[in-house]
Amino acid sequence: SVASPQESSISFTVNGQQHTVSSKDLPISTSLAEYLRYHAGMPGTKIGCGEGGCGACTVAIHEGKTTTVANSCLRPVWAM
């Protein structure tokens, strides 16, 4: 028999709202841009070229006192 993968989840905050994502609900291949647009109801997050070249998907990521920018179309939601 084949063992099923363990379920995992991650939590992060978007614009002050807590989000928790479970591996049973969201494919591992989901980008941050796809999550924000289609699952978090934030259609203002754009997916332009889908390759990170145009910058339309750029988001600010705050981790502690550090702020970085990332192309959300390239960043997996599971990397948050």
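Up top is the structure these notes are about.
Quick notes on the rules
- Residues numbered from 1 in each chain as written.
- Predicted model: local features only at pLDDT ≥ 70, side-chain atom pairs only at ≥ 80, totals over all residues.
- Heavy atoms only, no water.
- Helix = DSSP H or I, 4+ residues; strand = E, 2+ residues; numbered from the N terminus.
- Buried < 20%, exposed > 50% of the residue type's maximum accessible area, 1.4 Å probe, protein only.
- Pairing = 2+ DSSP bridges.
- Arc of directions from axis to C-beta.
- Contact = heavy atoms within 4.5 Å.
- Core = buried A, V, L, I, M, F, W, Y, C linked by side-chain atoms within 4.5 Å.
- 1 Å grid on protein atoms, 1.4 Å probe; cavity = no way out; pocket = protein on both sides within 12 Å on 5 of 7 lines; lining within 4 Å.
- Points joined across faces, edges and corners; volume = space filled by probe spheres on them.
- Nonpolar A, V, L, I, M, F, W, Y, C, P; charged D, E, K, R; others polar.

Is there a simple way to think about the overall build of the protein in this case?
When helices and strands are tallied, the protein shows one helix and four strands. When the helices and strands of the protein are listed from N to C terminus, the series reads β-β-α-β-β. Principal axes of the C-alpha set define a box for the protein whose edges measure 45 × 30 × 20 Å. A buried classification covers 31% of the 80 residues belonging to the protein.

Would you take a moment to explain the pairing of strand E2 (residues 17-22) for this structure?
Here is the key point about a regular strand: its side chains alternate between the two faces of the sheet. Of the strand pairs in this sheet, strand E1 (residues 9-14) and E2 are connected by six bridges, and their pairing is antiparallel. Bridge pairing in E2 places Ile10 opposite Val21. Linking two consecutive strands that pair antiparallel, namely E1 and E2, is a turn of two residues; a positive phi of about 50 degrees is found at Asn15 within it.

Would you take a moment to explain helix H1 (residues 32-39) for this structure?
Since one α-helical turn is 3.6 residues long, residues separated by three or four positions face the same way. When H1 is considered as a whole, its buried residues turn out to be Leu32, Ala33, Tyr35 and Leu36. The arc that holds every buried residue of H1, seen down its axis, measures 165 degrees, which confines them to one face. Lining the buried residues of H1 we find E1, E2 and strand E3 (58-63). Phi turns positive one or two residues past the end of H1, at Gly41, with a value near 70 degrees.

Explain the nonpolar core to me, please; I cannot follow it from the model alone.
Nonpolar side chains tend to gather and get buried jointly when the protein is soluble and globular. By size, the foremost hydrophobic cluster in this structure holds 15 residues, and its most contacted members are Phe12, Val21, Leu26, Tyr35, Leu36, Val77 and Trp78. Mapped onto this core, the elements with two or more residues apiece are E1, H1 and E3. Discounting residues that sit within four places of it in the chain, Val21 has contacts with Ser8, Ser9, Ile10, Phe12, Leu26, Tyr35 and Trp78.

What's the story with the layout of surface pockets in this structure? I'm lost.
Gaps between atoms show up when a probe of the same size as a water molecule is rolled over them. Computed from the structure, the largest pocket encloses a volume of approximately 460 Å³. Looking at the largest pocket, it is lined by 20 residues, and the ones nearest its centre are Thr13, Val14, Ala60, Ile61 and Met80. Secondary-structure elements contributing two or more residues to the lining of the largest pocket are E1, H1 and E3. It is E3 that provides the largest number of residues to the lining of the largest pocket, a total of six residues. When its residues are assigned to classes, the lining of the largest pocket shows 10 nonpolar, seven polar and three charged.

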